[in-house]
Amino acid sequence: MLKMFTCWFVREDGAHKPIQLHHLQTLVLGRGPQTTIKDKKCSREQVELKADCNKGYVKVKQLGLNPTSVNSVVVGKGNEVKIKPGQLLHIVNEMYSYTVRFREDPMGNNNNNSSTKLQTQASSDHRSLPADKDDDGLCQTVKHEEKNTKEERFGHWSQGLKSSMQDPKLQVYKDDKVVVIKDKYPKARHHWLVLPWQSITSLKALHKDHCDLVKHMHQVAEQMIEQCPDSRSLPFRMGYHAIPSMSHVHLHVISQDFDSSCLKNKKHWNSFTTDYFIESPDVIEMLETNGKVTVKEGICDLLKLPLRCHKCRKELPTIPALKEHLKSHFPK
DNA sequence: GTTCTAGAAC
DNA sequence: GTTCTAGAAC
């Protein structure tokens, strides 16, 4: 549950009502009725504003010839700076001062009907107080600390698989023990994830009792390959990342063409083509013989190895060069 | 995990 | 000049 913010461009002398800056939409201001500025030194298109309501700043670009300044530092024509609440923006020649303010949007929308209320309020941050006598939540700074803890509990990116696996639209197979989803950012023509319903954080949490489950995950992975028409012509591998980014243990089932626009960097490549990728049978064997899965120390260094073709071992200098090379092994 | 972007590499 | 990577932010 991300909090929504609206952004307001506030004239300090109250010459006009605050102007709402919509998230990531550019707004050009200068001499004209919106600002009430009549000064000829101010261009009709003096500044371009773009608010990022999530990050809590506004990008200001000086379009006009005469100086726009932030805390008395001139921006310069064609230049862009970020301003945050608390900083003072002068539209031109140290005149017509403005500040930006972010306000929690209780409706979760970007409506424009609270501008009159906003004008008379002092800047303060009472968002953690009960709402009954709140001052409408106007704040000088977006409290990222508070936001982050909420994200980690519910919506942090590393928890994404937990919700994806529950989404029927993403499920391609399920039984009483496991579910299969397509990888959201597939790194090859075919790329699935097999996840147990049981909440297991990572390989580290696996022990002997999980043997049957992990074997079942392997069997389901094999079924996925078998039902794929391309598996007659394309090789597949099944395995786990040694240290995955996403929480909840998941078995990758991936065709070996690596023909995907989502494969973008060295980490992507090496995570599937070095020993960072632990084959499913190896995990099963480690569980059976040791009762746990051990990952070699320094395994992360494998992610930084030079790019090397997994088929012919040729080293390629860049990702685009590697992708071009892969076409020779896996024509469409 | 991805996106964004500064600056390295070419 | 453009392409590409790698680290920060999310």
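Since we're looking at a predicted model, the values are computed, not measured.

### Observations concerning the nonpolar core
Soluble globular proteins tend to pack their nonpolar side chains together in the buried interior. Counting 34 residues, the largest nonpolar core has V194, L203, L206, Y240, V253 and V283 as its most contacted members. When residues of this core are traced back to their parent elements, those giving at least two are β13 (178–182), β14 (191–196), α4 (211–226), β15 (236–241), β16 (251–255) and α6 (280–290). By residue number, the principal contributor to this core is α4, which donates eight residues. Dropping the residues within four chain positions of it, L203 is found in contact with Y240, H241, A242, V249, I278, V283 and V293.

### Things to note about the packing of aromatic side chains
According to the stated counting rule, one finds five aromatic pairs in the structure shown. Taking the centre distance of 6.1 Å and the plane angle of 45° together, the rings of F258 and F272 count as tilted. Of this pair, F258 sits in the loop between β16 and α5 (266–273) while F272 sits in helix α5, placing them 14 residues apart in sequence. The same class applies to F258 as to F272, namely buried.

### Looking at the protein's contact with DNA strand B
What surrounds DNA strand B is the set K59, W157, Y185, K187, H241, P244, S245, M246, K264 and H268. Near the protein, meaning within 4 Å, the atoms of DNA strand B are sugar or phosphate in a fraction of 56%, with bases accounting for the rest. M246 places a main-chain nitrogen or oxygen 3.5 Å from a phosphate oxygen of DNA strand B. Taken together, the residues that form the surface near DNA strand B break down as four nonpolar, three polar and three charged.

### Brief notes about the protein's contact with DNA strand C
Neighbouring residues of DNA strand C: W157, T318, I319 and P320. Atoms of DNA strand C within 4 Å of the protein belong to the sugar or the phosphate in 73% of instances, the rest to bases. Contact distances for DNA strand C include 2.7 Å between a phosphate oxygen and a backbone N or O atom of I319. Its residues placed into classes, the surface near DNA strand C shows three nonpolar, one polar and no charged.

### A short note on the sheet that holds strand β12 (residues 171–174)
If you walk across this open sheet you meet the six strands as β12-β13-β14-β16-β15-β17, and the pairing is antiparallel. The sheet terminates laterally at β12 and β17 (277–279), the two strands that pair on one side only. With strand direction ignored, the average angle separating the axes of adjacent strands in the sheet is 30°. Where β13 and β14 come together, five bridges link them in antiparallel fashion. Paired with V180 across the two strands is V194, which belongs to β14. The strands touched by α5 are β14, β15, β16 and β17; relative to β15, the strand with the most contacts, the crossing angle is about 105°. α6 rests against β15, β16 and β17 of the sheet, and its axis sits at about 70° to β17.

### Here's the deal with the pattern of salt bridges
Any two side chains of opposite charge can pair if their charged atoms end up close together. Applying the stated criterion across every chain, the model contains 12 salt bridges. A salt bridge links D176 to K177; the shortest N-O distance between them is 3.9 Å. Judged by relative accessible area, which is 37%, K177 ranks as partly exposed. Among the ionic pairs, D275 bridges to K296, the shortest N-O distance being 3.8 Å. Here K296 lies in the loop between α6 and α7 (319–329) and D275 lies in the loop between α5 and β17, a separation of 21 residues in the sequence. As far as the burial class goes, D275 and K296 line up, both exposed.

### Overview of α5
Looking at α5, one finds that the buried residues are W269, N270, S271, F272 and T273. Near the N-terminus of α5, the side chain that reaches the backbone nitrogen of K267, with its oxygen 3.1 Å away, is that of N265.

### Regarding the side chain of S255
Checked against the element boundaries, S255 lands in strand β16. Separated by 2.6 Å, the side chains of S255 and D257 make a polar contact. When residues no more than four places from it in sequence are discounted, the contact partners of S255 are A188, R189, H190, L234, P235 and F236.

Calculation criteria
Residues numbered from 1 in each chain as written. Chains lettered and ligands numbered in written order. Predicted model: local features only at pLDDT ≥ 70, side-chain atom pairs only at ≥ 80, totals over all residues. Heavy atoms only, no water. Core = buried A, V, L, I, M, F, W, Y, C linked by side-chain atoms within 4.5 Å. Buried < 20%, exposed > 50% of the residue type's maximum accessible area, 1.4 Å probe, protein only. Helix = DSSP H or I, 4+ residues; strand = E, 2+ residues; numbered from the N terminus. Contact = heavy atoms within 4.5 Å. Phe/Tyr/Trp six-rings, centres within 6.5 Å; stacked < 30°, edge-to-face > 60°. Near = heavy atom within 4 Å. Polar contact = N/O pair within 3.5 Å; in protein donor to acceptor, adjacent residues only side chain to side chain. Nonpolar A, V, L, I, M, F, W, Y, C, P; charged D, E, K, R; others polar. Pairing = 2+ DSSP bridges. Axes fitted to C-alpha atoms, helices over the stretch in contact; angles between N-to-C directions. Salt bridge = Lys/Arg side-chain N within 4 Å of Asp/Glu carboxyl O.

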